[in-house]
Amino acid sequence: MANDSTPNTEDLLREQQQAFEAALPEVEDDEGLYALQVRFLGKKGSITKLRKLMGKVPPDQRRALGQAFNAVKQTVEGGIEARKLELVELARARELARRVDLSFQPQRRRAGSGHPVLSTRRQLEQVFRRLGFDVLDGPHVEVEDYNFDRLNFEPDHPARDMQDTFFITPPEGVEAGEGDSSPSFVLRTHTSPVQVRTMLSHPPPIKIVAPGTVFRNDDDPTHSPMFNQIEGLYVDRGVTMADLKATLYAFVGAFFGEGLEVRFRPSFFPFVEPGAEFDMQCPFCRDEHTGENAGCGLCKQTGWIEIGGSGMVHPAVFEACGIDSSVYTGWAFGFGIERMAMLRYAVPNLKHFFEGDQRVLEQFPC
Ligand code: DAH
C-alpha cells in the first residue's frame, strides 16, 4: 500500500513542472536554456530520474503515468523552444531601440607637447650635432672650483658674490675639490664648468656642446633665477678664431636662416683671451633683397641681436685642466637658450616660459 504521506510519482512530476515553469522566465540566453534542459531532461535530470520509478508502479497505472510524463516532457521542450524565440525577439527589440547619435562630437583628447625651451634646446643640439659636436651635460650642483677657479676667475671676482651665486652647504661627509680644505658647492651659474669636466677627463681633440640649466640669484622681468644655456668647446692643434666664426655662421644660418651676418665685439670673460660677445644680424627687419636692416623693436633699432659670449680658451684654463697650451688651442662660446626660444617663437616675456600657463604652452604643439 502506498503511504499517503509520501508523495506519489505524479505529484513529484507536477512539482518538477512547476520548478521548470518558475525557472524558465529567468533564463536570458541559449546557455541558460541548455542548462535548464539538462537539469530536467538530461541523463541525470530530475524528470529522467522520476521516469526510472515507472517500473515500480502497478501495471494498471503505468499508462496514465506514461502520458503524464510525456505531457511534462512536452511542456519542458515546448517551453524551452518558446523561450528561445522570445529571447531572439527581445535581442532584436533591444537592438532596434539602441539609438546611435551620429552627430555626437567626442571630446578630443588633449595631447601634451614639448616645452618650447626644451624643443629649442633639442633643435640647437641637432644643429651642433650636424656640425660634428658631441652633446654633454654636467651636474647642477657644482664644485666652486670647477664653476669658477679653474675657469680663471679671480678669488674676488664679483660673480662669486652672494648676489649672483647660490652657494650650497655640502651634505655631511661630502668632499668637494681635491686639496680644498673648505669645499664649497654652488648651483652652477653657467654651463662653462662642463668645459673643465670635459678637459679633465678627455684628451684633445674635444668638440662638444653642453646644454643645460643654470642658476643665478637674479630675478626681474628679463632675468630668471633658473634658465638654460648652451656651451660650446673646441680644442685641437691649430684651432683659431676663424673656426669659431665659421661655426657661428653655420649655427645662425641653420637656426635663423641663411645669409645672416655675424659679428664679434671685444669683451671680457676670465676664461677666454681674447674674449668677444657675438651678435647676429637681426633677421626680423632685414630686407631680403638688399640685406640691409631697417631697424625694429627686437634689435632695438641697431640691426644686430646679441647672442652670447665667446673667445679663445685662456692658457690658464688649459693649465688648470691638464692641457698643454703650447700644443693646443681652442675656443668656447656660451649663450642662453630661452633667448633663442624667445626670438624664434616671438615670445615677448621670458617669464612666460616658467609660469606653466597652459594658454601659453598650448601654442607650442610640437
Ligand atoms: N659663461 C658665460 C656666461 O654665463 C658665457 C660664455 C662667455 C661662455 C664666453 C663661454 C665663453 O664659453 O667663451 O656669461
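Residues numbered from 1 in each chain as written. Predicted model: local features only at pLDDT ≥ 70, side-chain atom pairs only at ≥ 80, totals over all residues. Heavy atoms only, no water.

Where an unreviewed UniProt entry is consulted, the protein appears under the name Phenylalanine--tRNA ligase alpha subunit, with the organism given as Plesiocystis pacifica SIR-1. Quoted verbatim from the Catalytic activity (unreviewed entry) field of the UniProt record, the comment on the protein reads "tRNA(Phe) + L-phenylalanine + ATP = L-phenylalanyl-tRNA(Phe) + AMP + diphosphate + H(+)". In UniProt, the protein has this text filed under Sequence similarities (unreviewed entry): "Belongs to the class-II aminoacyl-tRNA synthetase family. Phe-tRNA synthetase alpha subunit type 1 subfamily." (UniProt positions renumbered as here; feature names shortened; annotations may be inferred.)

Using the criterion set out here, one finds 0 disulfides in the structure. Among the cysteines around Cys299, which has no disulfide bond, Cys285 carries the closest sulfur, lying 3.7 Å off. By relative accessible area, Cys299 is classed as buried at 2%. (Disulfide = S-S within 2.5 Å. Buried < 20%, exposed > 50% of the residue type's maximum accessible area, 1.4 Å probe, protein only.)

What follows is about the nonpolar core. In terms of nonpolar packing, the biggest core is built from 39 residues, with Phe251, Phe333, Phe335 and Met340 touching the most fellow members. Sorting the residues of this core by element identifies helix H5 (116-130), strand E6 (226-236), helix H8 (241-256), strand E8 (272-281), strand E9 (304-313), strand E10 (329-336) and helix H10 (337-345) as the ones contributing at least two each. A total of 6 residues in this core trace back to one element, the largest contributor, which is H8. Of all hydrophobic cores here, the second largest spans 23 residues; its members include Val143, Phe148, Val313 and Tyr328. (Core = buried A, V, L, I, M, F, W, Y, C linked by side-chain atoms within 4.5 Å. Helix = DSSP H or I, 4+ residues; strand = E, 2+ residues; numbered from the N terminus.)

Of note, the bond from Pro204 into Pro205 is cis; its omega dihedral lies within 30 degrees of zero at 5 degrees. For Pro205, the position within the fold is in the loop between helix H7 (193-201) and strand E5 (206-215). For the bond from Glu273 to Pro274, the omega torsion is -5 degrees, close enough to zero to count as cis. When you line up the elements, Pro274 lands in strand E8. Positive phi outside glycine occurs at Asn152, with the angle close to 70 degrees. Here Asn152 is to be found in the loop between helix H6 (144-147) and strand E3 (167-168). Owing to a relative accessible area of 23%, Asn152 belongs among the partly exposed residues under this scheme. Although it is not a glycine, Gln301 adopts a positive phi angle of roughly 65 degrees. Within the secondary structure, Gln301 sits in the loop between E8 and E9. Looking at Gln301, the relative accessible area reads 56%, which means it is exposed.

This brings us to the sheet that holds E6. Pairing is mixed in the open sheet, where 7 strands are placed in the order E1-E5-E6-E10-E9-E8-E7. For this open sheet the edge positions go to strand E1 (134-135) and strand E7 (262-267), each flanked by a neighbour on one side alone. Pairing analysis gives 6 bridges linking E7 to E8, with the strands arranged antiparallel. Bridge assignment links Ser267 to a residue of E8, and that residue is Gly275. H5 contacts E1, E5, E6 and E10 of the sheet and is inclined by roughly 170 degrees relative to E5. In the packing of H10 onto the sheet, the strands contacted are E5, E6, E8, E9 and E10, and the crossing angle to E10 comes to about 60 degrees. (Pairing = 2+ DSSP bridges. Contact = heavy atoms within 4.5 Å. Axes fitted to C-alpha atoms, helices over the stretch in contact; angles between N-to-C directions.)

There is a patch of like negative charges on the surface, built from Glu26, Glu28, Asp29, Asp30 and Glu31. Positionally, Asp30 belongs in helix H2 (residues 30-41). (Patch = residues over 30% accessible without salt bridge, like charges linked within 9 Å, V, L, I, M, F, W, Y side chains within 5 Å. Areas by Shrake-Rupley, 256 points an atom, 1.4 Å probe, with all protein chains shown as cover. Salt bridge = Lys/Arg side-chain N within 4 Å of Asp/Glu carboxyl O. Lys, Arg positive; Asp, Glu negative; His and termini not counted. Charge placed at Lys NZ, Arg CZ, Asp CG, Glu CD.)

By the secondary structure assignment, Gln229 is in strand E6. Accessibility expressed as a relative area gives 11% for Gln229, which makes it buried. For Gln229, the residues in contact, after removing those within four places along its chain, are His190, Thr191, Ala210, Pro211, Gly212, Val214, Arg216, Phe335, Gly336 and Ile337.

The tally for this structure, following the rule as stated, stands at 15 salt bridges. Ionic pairing is found between Arg188 and Asp137, a salt bridge with its closest N-O pair at 3.1 Å. Within this pair, whereas Arg188 is found in the loop between strand E4 (185-187) and H7, its partner Asp137 is found in the loop between E1 and strand E2 (141-143), the two being separated by 51 residues in sequence. According to the relative accessible area criterion, Asp137 is partly exposed, its value standing at 40%. Of the charged contacts, one joins Arg265 and Asp279 as a salt bridge, the two residues approaching to 2.8 Å between their closest N and O atoms. With Arg265 in strand E7 and Asp279 in strand E8, this pair connects stretches of sequence that are 14 residues apart. Within the structure, one salt-bridge network assembled from shared partners comprises Arg263, Arg265, Glu277 and Asp279.

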